[in-house]
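Coordinate analysis (summary)
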Amino acid sequence: MPETDAANRAWTERMPLASVNRAPLAPHFPWPYGNKGGMFLSFDVDAETPWNVADPSRYKELVAMSYGGFEARVGVEKLLELLRQEGLKATFFMTGWSIEAHPAMAEAVLRDGHEIAHHGFWHIMPKPGDSMLVEEVERGFDTLKRRLGVVPLGYRAPNGESCEELRVLLKNKGIVYSSSWRDDVRPYRHLLDDGTPGIIELPVTMTYDDWLFGLSHRYSPRPMFPREWVLSIWKDELLETRDWGGMVTTVIHPQCSGRPMRLRLLREFLQFTKSLGDVWIAPGRDIAAHFQRCEAEAAKNGAAKNATS
Ligand SMILES: [Zn+2]
């Protein structure tokens, strides 16, 4: 038997016959203010980090780096302007490197009252057993505190990957919610492998990752999607999710949606969402706090019911 086949066979025999996510199903908590559904409005500020994380020597490829540099020069400020015009507050997941390299950009986000959350330091995807995993998280915390005075409540994994070591680390560091997993349309609480409750998950879907629709570049010749296609995907996903009583989570990159054509599209989508009148648009900190309140209420009611039965 070839070596790789043998290794695969050994691994498959060790693989547990159980789902990776053993958390109870997401509770159907009502949305506040009579809304039927929610929208976690969030942005991922990577700046140059995704462009050289796989190959740090690319830092000297100045035009490649300039794709990410657009965020600090133009994109973030234009998105902040849009959010001011629409009267919306959002969460900005920022890599520590982006804050160190572009402190004025990060300070502008904070000044406008948006939530700043953790998005790693160099944008290294968390993988089990990776020797950089802890440093990537620790250094992100350090930069947020030292540069901005921020102790983050939220975390989104670079490239949206996770592992048990990371889940335990985030909980121990005081993170309240993660927004990386793709397996629900409602918030839920993680269950760690040791059986203890983990942090809250505000799940994401690739539907609202604008990088997939709006960026075409030298390393991926994928064409950009026209606005009608993107709007039709975004609206359909929103309407159906709202009807299910769920939430959508945007994963918007200023180097993509801070571009003029894309910003126009985003403005139209946000105005459409607001016009529905029954979707709660909020930053992650507010959605997580609402979940915690509902959870505490449910626990209290459960205890009262048990006491009377
Ligand atoms: Zn990112």
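Summarised in this report is the structure supplied together with it. The structure presented is a predicted model; accordingly, all values stated were derived computationally and were not measured.

1. Digging into the pairing of strand β8 (residues 197–201)
Most of β8 is tucked away: four of the five residues are buried. Across two bridges, the pairing between strand β6 (residues 177–178) and β8 is parallel. Residue pairing across strands places tyrosine 177 opposite isoleucine 200, the latter belonging to β8. Pairing of strand β7 (residues 188–191) with β8 involves three bridges; the strand directions are antiparallel. Within β8, the residue paired with leucine 191 across the bridge is proline 197.

2. What about helix α1 (residues 3–14)?
Its twelve residues place the ends of α1 17 Å apart at the C-alpha level, agreeing with the 16 Å of an ideal helix rising 1.5 Å per residue. Burial analysis of α1 places just zero of its twelve residues in the buried class, a small minority of the element.

3. What about the sheet that holds strand β10 (residues 279–282)?
Pairing in this open sheet of three strands is parallel, and the strands run β9-β1-β10 from one edge to the other. Two strands close off the open sheet at either side, each with one partner strand: β9 (247–249) and β10. Across this sheet, the average inter-strand angle for adjacent strands is 15 degrees, counted without regard to direction. Strand direction decides the pairing type here: strand β1 (residues 37–40) and β10, joined by four bridges, are parallel. Looking across to β10, one finds that phenylalanine 40 is bridged to alanine 282.

Definitions and limits used
Residues numbered from 1 in each chain as written. Predicted model: local features only at pLDDT ≥ 70, side-chain atom pairs only at ≥ 80, totals over all residues. Buried ≥ 20, exposed ≤ 12 C-beta atoms within 10 Å, placed from the backbone. Helix = DSSP H or I, 4+ residues; strand = E, 2+ residues; numbered from the N terminus. Pairing = 2+ DSSP bridges. Expected span 1.5 Å × (residues − 1). Axes fitted to C-alpha atoms, helices over the stretch in contact; angles between N-to-C directions.

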